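What follows is the residue order along each chain.
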Amino acid sequence: SYFYDRVELMNKLKINFSFPDDFHCKKIKKVIYGLPGSGKSILAVKYGNDFKNKNTNNISLLVNSENENKLLLSYYSILFDNEVTSDSIKKNNIIKNFIKSINSLAESKNILIIYDNMNEINILKEFEVNNLDNRVQVIITTRDLKIMDGIDEEYEKVEVSPLKKDDFKQYFYYWCN
């Protein structure tokens, strides 16, 4: 996919998403919301890649949060990729092993987890997102405004609006040339 740098939004996000040099000082929680196709996911992934490339001590993880099954599969895949074996592939064991592994890793690494396309607020509790160590940074993307009502006040909310006419013209011109 192609990342179109929406200057106005990116300038805002550079401020909103700039992590301090001392990454472990405070848990940063963001929720990016907007209409389908407005660029929430690609914006979060672009930020995650920039974050990961900024320092060899940084880890960025993308978790598909569209539904419970996809989130569980993402947790399991991350555990498998990091050679963490689970005693069982039962849901509760996967969640507990994921949280335990990430919290342990956060002792030596800077971790950003992007929960992409979250559609159900109960996933935050059920998948123990709030049990992540304070050193683990969290970004949630969603198009569901109902989720915005259920997210606690600790999350900074960033709206991604659809492309404006001038942005679209610039994007189209750039893409065609």
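Structure first, text after, so check above.
Residues numbered from 1 in each chain as written. Predicted model: local features only at pLDDT ≥ 70, side-chain atom pairs only at ≥ 80, totals over all residues. Heavy atoms only, no water.

With that settled, consider unusual backbone geometry. Of note, N117 is a non-glycine position whose phi angle comes to about 60°, a positive value. Residue placement: N117 occurs in the loop between strand 3 (110-116) and helix 5 (122-126). With a phi angle near 55°, E128 is a residue other than glycine that sits in the positive phi range. Along the chain, the position of E128 falls in the loop between helix 5 and strand 4 (136-142). (Helix = DSSP H or I, 4+ residues; strand = E, 2+ residues; numbered from the N terminus.)

Here strand 1 (residues 29-34) lies mainly inside the structure; 6 of its 6 residues are buried. Burial along strand 1 is two-sided: the face carrying K29, V31 and Y33 and the face carrying K30, I32 and G34 are both buried. Bridge analysis of strand 1 against strand 5 (residues 156-160) gives 5 bridges, and the strand direction is parallel. The residue bridging I32 from the neighbouring strand is V158, located in strand 5. (Buried < 20%, exposed > 50% of the residue type's maximum accessible area, 1.4 Å probe, protein only. Pairing = 2+ DSSP bridges.)

Turning our attention to the nonpolar core. Y75, F98, I113, Y115, L132 and I140 are the most contacted members of the largest nonpolar core, which totals 31 residues. With residues up to four places along the chain from it excluded, the contact list for I113 reads L61, V63, F98, I102, L132, V136, Q137, V138 and I139. By size, the runner-up hydrophobic cluster in this structure holds 9 residues, among which are A44, Y47, L112 and V160. (Core = buried A, V, L, I, M, F, W, Y, C linked by side-chain atoms within 4.5 Å. Contact = heavy atoms within 4.5 Å.)

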